[in-house]
Amino acid sequence: AQSVTQLDSQVPVFEEAPVELRCNYSSSVSVYLFWYVQYPNQGLQLLLKYLSGSTLVKGINGFEAEFNKSQTSFHLRKPSVHISDTAEYFCAVSDDGGTSYGKLTFGQGTILTVHP
Amino acid sequence: NAGVTQTPKFQVLKTGQSMTLQCAQDMNHEYMSWYRQDPGMGLRLIHYSVGAGITDQGEVPNGYNVSRSTTEDFPLRLLSAAPSQTSVYFCASRKTGGNYGYTFGSGTRLTVV
């Protein structure tokens, strides 16, 4: 079985400051990792994904994440946030297919609030 | 290119009523799934399907039924609505293999009174 823990339920930050949203996962098999963003009253939009290769993954809107296999982490970072980044962010893990068909398991979500 | 379309966007039901949430995708994705989103709990998988005629249970299947008669459609049925089913429901799809990532619908906000 796989699971995801997002270590912060809420992260307040001032505009133009850096931010890190933390995500740890557990799985007994190789995994794919994702970050999704949900703006108020909208669906989920893919920010970035790690499938294989370079452990530093760049996504949309200036976000990046680093896969750390030894620490089973996939933290999301942005060097300078904007008011428009205010949203809820979800970390998710999918196994490599196998018998569970790559089902997506989500963390609890982190609400990022950017203050002026 | 509509992606994943969910209807209705909002619904209020009385306890004990039944209804069907619709989900359709036009990307020829084999894999489709239903999630419910509740505050502080992220998204939890209800049911999923890997192709027409094939469905299976997810993490929280009780009180819900699904069927997959075509590649495009994956409706979710609430058999007898309960207040605990008040939630936001998302449908998602993807191609099998390669893990290209999921495409999500815009959600259905359901209130059971």
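Rules used in this analysis
All residue numbers here refer to positions counted from 1 along the written sequence of the relevant chain. Here chains are named by letter from A upward and ligands by number from 1 upward, in the order in which they appear as written. A pLDDT threshold of at least 70 governs which residues receive local features in this predicted model, and a stricter bar of 80 or more applies before side-chain atom pairs are shown or counted, although totals over entire chains, interfaces and linings include all residues. Side-chain calculation: all heavy atoms of the structure are included, whereas hydrogens and water are not. The numbering of helices and of strands both runs from the N terminus, where a helix is a DSSP run of H or I of at least 4 residues and a strand a run of E of at least 2. Note on classification: 1.4 Å probe, protein chains only; a residue is buried when its accessible area is under 20% of the maximum for its type, exposed when over 50%, partly exposed between these limits. Note on contacts: a residue pair qualifies if any of its non-hydrogen atoms lie within 4.5 Å across the two residues. Think of it this way: Lys and Arg go in the positive column, Asp and Glu in the negative one, and His and the chain ends go nowhere. Every charge is mapped to an atom, namely NZ of Lys, CZ of Arg, CG of Asp or CD of Glu. Polar contact is defined as a pair of N or O atoms within 3.5 Å, subject to the rule that within protein one atom must be able to donate a hydrogen and the other to accept it, and that residues adjacent in sequence are counted only when both atoms are side-chain atoms. Buriedness of a pocket was judged along seven lines, with at least five required to meet protein on both sides within 12 Å; pockets are open sets of points on a 1 Å grid over the protein atoms alone, cavities are sets where a 1.4 Å probe fits but cannot get out, and lining residues have an atom within 4 Å of a point. Grid points are joined across faces, edges and corners, and a volume is the space filled by probe spheres set on the points. Three classes are used: nonpolar for Ala, Val, Leu, Ile, Met, Phe, Trp, Tyr, Cys and Pro, charged for Asp, Glu, Lys and Arg, and polar for all others, with Gly counted as polar. A simple way to read buried area is as the amount of 1.4 Å-probe accessible surface that goes missing from two parts once joined, with both sides added. Salt bridge criterion: a side-chain nitrogen from Lys or Arg within 4 Å of a carboxyl oxygen from Asp or Glu. Here, the term disulfide refers to a pair of cysteine sulfur atoms separated by no more than 2.5 Å. A pair of Phe, Tyr and Trp rings is counted when the ring centres sit within 6.5 Å of each other, with Trp represented by its six-membered ring. The angle between the planes then sorts it: under 30 degrees is stacked, over 60 is edge-to-face, the rest tilted. To sit over a ring, a charge needs its Lys NZ or Arg CZ within 6 Å of the ring centre and within 35 degrees of the ring normal. Pairing between strands is defined by DSSP: at least two bridges between the two strands are required.

Undergrad: Go over the overall build of chain A with me, naming the residues and quoting the values.
TA: The secondary structure content of chain A amounts to 0 helices and 12 strands. Projected onto its principal axes, the C-alpha coordinates of chain A cover approximately 45 × 30 × 20 Å. Taken over 116 residues, chain A has a buried fraction of 46%. At a minimum sequence separation of 6, the contacts of chain A that also span at least 24 residues come to 57%. Here chain A carries 7 positive and 10 negative side-chain charges, and the mean point of each set is 7 Å from the other.

Undergrad: A description of the side chain of B:Gln85 should follow, citing residues and the corresponding values.
TA: Residues and elements named next belong to chain B. Among the structural elements, Gln-85 can be located in the loop between β8 (76-78) and β9 (87-94). A polar contact of 3.3 Å, which involves the side chain of Gln-85, links it to the backbone oxygen of Gly-63. Once you skip the residues sitting within four places of it in the chain, Gln-85 turns out to touch Arg-36, Asn-62, Gly-63, Tyr-64, Leu-78, Ser-80, Leu-110 and Val-112.

Undergrad: Talk me through the layout of surface pockets; I want residue IDs and the actual numbers.
TA: Considering only enclosed or pocket space, the largest pocket measures out at about 560 Å³ in volume. If you trace the largest pocket, you find 28 residues lining it, with A:Gln38, A:Asn41, B:Gln37, B:Val88 and B:Arg109 closest to the centre. Elements with a contribution of two residues or more to the lining of the largest pocket: β10 (87-95) and β12 (110-115) of chain A together with β9 and β11 (108-112) of chain B. Tallied by class, residues from the lining of the largest pocket come to 11 nonpolar, 13 polar and 4 charged. Along its surface, the second largest pocket is lined by A:Lys103, A:Leu104, A:Thr105, A:Phe106, B:Tyr35, B:Met41, B:Leu43, B:Arg44, B:Leu45, B:Gly58 and B:Glu59. For the lining of the second largest pocket, the elements supplying multiple residues, two or more each, are β11 (104-106) of chain A together with β5 (43-51) of chain B. Here the residues of the lining of the second largest pocket sort into 6 nonpolar, 2 polar and 3 charged.

Undergrad: Can you tell me about unusual backbone geometry, naming the residues and giving the values?
TA: B:Pro8 follows B:Thr7 through a cis peptide bond whose omega is -5°. Turning to its location among the elements, B:Pro8 is positioned in the loop between β1 (4-7) and β2 (10-13). In this structure, A:Glu16 takes a positive phi of about 75° despite not being glycine. As for its position among the elements, A:Glu16 is in the loop between β2 (10-14) and β3 (19-21). When its relative accessible area of 60% is taken as the criterion, A:Glu16 is described as exposed. Here the phi dihedral of B:Asn28 falls at roughly 60°; this positive angle occurs in a residue that is not glycine. Inspection of the secondary structure puts B:Asn28 in the loop between β3 (19-25) and β4 (31-37).

Undergrad: How would you explain the interface of chain B and chain A if you had to name every residue and give the values?
TA: Contacts between the two partners involve 21 residues from chain B, matched on the other side by 21 residues from chain A. Here chain B packs against chain A, burying approximately 1600 Å² in sum over the two surfaces, 56% of which is carbon and sulfur. Where chain B meets chain A, there are 0 salt bridges. Taken together, chain B and chain A are joined by 3 residue pairs in polar contact (both at pLDDT 80 or more).

Undergrad: Please set out the state of the cysteines residue by residue, giving values where relevant.
TA: Residues and elements named next belong to chain A. Applying the stated criterion across every chain, the model contains 2 disulfides over all chains. Shown here is the disulfide that connects Cys-23 with Cys-91, its sulfur atoms set 2.0 Å apart. A torsion of -65° about the S-S bond marks the disulfide between Cys-23 and Cys-91 as left-handed. One end of the pair, Cys-23, is in strand β4 (residues 23-26); the other, Cys-91, is in strand β10, and 68 residues separate them in sequence. For the pair Cys-23 and Cys-91, a shared accessibility class is recorded, and that class is buried.

Undergrad: Go over the packing of aromatic side chains with me, naming the residues and quoting the values.
TA: Evaluated as defined, the whole model comprises 14 aromatic pairs over all chains. Taken together, the aromatic side chains of A:Phe34, A:Tyr36, A:Phe90, A:Phe106, B:Tyr31, B:Tyr35, B:Tyr48, B:Tyr102 and B:Phe104 make up a single cluster linked through ring pairs. The positively charged end of B:Arg68 is found above the aromatic ring belonging to B:Phe74, 6.0 Å away from the centroid. Geometry around B:Tyr31 places B:Arg94 over its ring, the cationic atom sitting 4.8 Å from the centre.

Undergrad: If you had to explain the pairing of β4(B) to someone new, which residues and values would you point to?
TA: Residues and elements named next belong to chain B. With 7 of 7 residues buried, β4 lies mostly within the body of the structure. Judged by which residues are buried, β4 turns out to be covered on both faces: Tyr-31, Ser-33, Tyr-35 and Gln-37 on one side and Met-32, Trp-34 and Arg-36 on the other are all buried. Relative to β9, β4 runs antiparallel, the two sharing 7 bridges. Along β9, the bridge assignment pairs Trp-34 with Cys-91. Relative to β5, β4 is paired through 6 bridges, and the arrangement is antiparallel. Bridging across to β5, Met-32 finds its partner in Ser-49.

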